[in-house]
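# A closer look at the structure
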Amino acid sequence: MNWITNYVRPKLNSFLQRKEMPENLWIKCPQTGEMIFHKDLEANLGVIPTSGYHMKIPAKKRLSFFFDDGVFETLPLPQVAQDPLKFRDQRKYSDRLKDNRAKTGLEDSIVNAVGKLHGMQITVCIHDFAFMGGSLGIAAGEAIIRAFEKAIELKSPLVLFAASGGARMQEGILSLMQLPRTVVMVERLKEAGLPYIVVLTNPTTGGVSASYAMLGDIHIAEPGAEIGFAGKRVIEQTIRERLPDDFQTSEYLLEHGMVDMVVPRKELRETIANLLHILMKQPAFEHDKVEEDLPPLLALAREQEAAEADGVADAVDEAEMLPAEEIADQPAPDTEPAAEAAEEDTKPA
């Protein structure tokens, strides 16, 4: 046998029948252009490790790492009219709904769930931006109202993750009617004495930012999120001025007092759990974060809570040091010297 006959026949069939590689194995960072493997991105909760850019993530994936052990129960969405205006632009609105349902596996842009966060039962309402830009229509409005009703029924806090382009134009005035309806439910939750925390993610704009998304007891924003009503370009064309480069970002809103804190996605669980334990007046839980790393608002709340507890403990300790008979025999504080000094100060020179 010589080199002419000693060869391996090419397996042409294997080349012809080779399966195509998925297109989403590598994700490109919008800020730096860096490519990251999708498994590494998922392990980092959808955050680019080097740049810290927070990618959009599906609603159910966010719920899986937000609740304890990824265990939660989704709530059924109410049935509403699908296409009340029979709207059509380049395509029928009903066809757009079918396509988005097939793409996302969701009925609409809102997902409601009930579960536990560090042992505390909470209700979560979350926008999924992949479903028609997280837009607010009749179905989404009814779902948000149902989430508030469930929180009131369970007497649990409500955490809302906002990610929306605003009202759904295909439903016209019926979409805009959901804004006051959801605002009423916010007031009902507050009347019940239950906390309402809003997490603003990228993007939160339009009618959603002009209603229930800006009415929380505490507003938390993810880093770099776009938050506002009208778009930056529209505002610049209206006022004929150039706006700052970071205008409508989370950091800009924090600097101008529009949000309470900017918290990275990895720290949301700990931060929200701490806030809810304080607002619900429950004992603090064990956590790994040190005091210096806590957001300013949360650190201040914990300092105030600790100071109040220390004041009560000191008063109890002082009372326990003396028997009851000795406390009763204690003379009243002498105020005469102070009164005489005050009279001396008021005499004319």
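Up top is the structure.
The present account deals with the structure reproduced in this document. Per chain, residue numbering runs from 1 following the sequence as it is written. Per-residue local features are limited, in this predicted model, to residues with pLDDT of at least 70; the limit for side-chain atom pairs, both in listing and counting, is 80 or more; totals at the level of whole chains, interfaces and linings are taken over all residues. Calculation of side-chain values draws on the structure's entire complement of heavy atoms; hydrogens and water are dropped beforehand.

### Description of unusual backbone geometry
- For the peptide bond that leads from Asn202 to Pro203, omega is -10 degrees, which places it in the cis range.
- Elements are defined by DSSP. Helices are runs of H or I of four residues or more, strands are runs of E of two residues or more, and each kind is numbered from the N terminus. Examined against the element boundaries, Pro203 turns out to sit in strand S7 (residues 196–204).
- Of note, the phi angle at His118 is positive, near 50 degrees, even though the residue is not glycine.
- Mapped onto the elements, His118 comes out in the loop between strand S4 (110–117) and strand S5 (120–127).
- Here's how the labels work: a residue is buried when its accessible area is under 20% of the maximum for its type, exposed when over 50%, partly exposed in between, all with a 1.4 Å probe on protein chains only. His118 gets classed as partly exposed once you look at its relative accessible area, which sits at 23%.
- Located in the positive-phi region is Gln248, a residue other than glycine, with phi close to 70 degrees.
- Counting through the fold element by element, Gln248 comes out in the loop between helix H9 (232–239) and helix H10 (250–255).
- For Gln248, a relative accessible area of 6% corresponds to the buried category.

### Section: the sheet that holds strand S3 (residues 72–74)
- The seven strands lie next to each other as S3-S4-S5-S6-S7-S8-S9, forming an open sheet whose pairing is mixed. If you trace the sheet from one side to the other, it starts and ends with S3 and strand S9 (261–262), each paired once.
- Only strands joined by at least two bridges in the DSSP assignment are considered to pair. The sheet contact formed by S4 and S5 spans eight bridges and is antiparallel. Following the sheet pairing, Val111 is matched in S5 by Ile126.
- For this analysis, residues touch if any pair of their heavy atoms sits within 4.5 Å. For helices, the axis comes from a line fit to the C-alpha atoms of the stretch in contact; other axes are also lines fit to C-alpha atoms, and the angle between any two N-to-C directions lies between 0 and 180 degrees. Against the sheet, helix H3 (residues 59–66) makes contact with S3, S4, S5, strand S6 (158–164) and S7, and its axis sits at roughly 160 degrees relative to S5, the strand it touches most.

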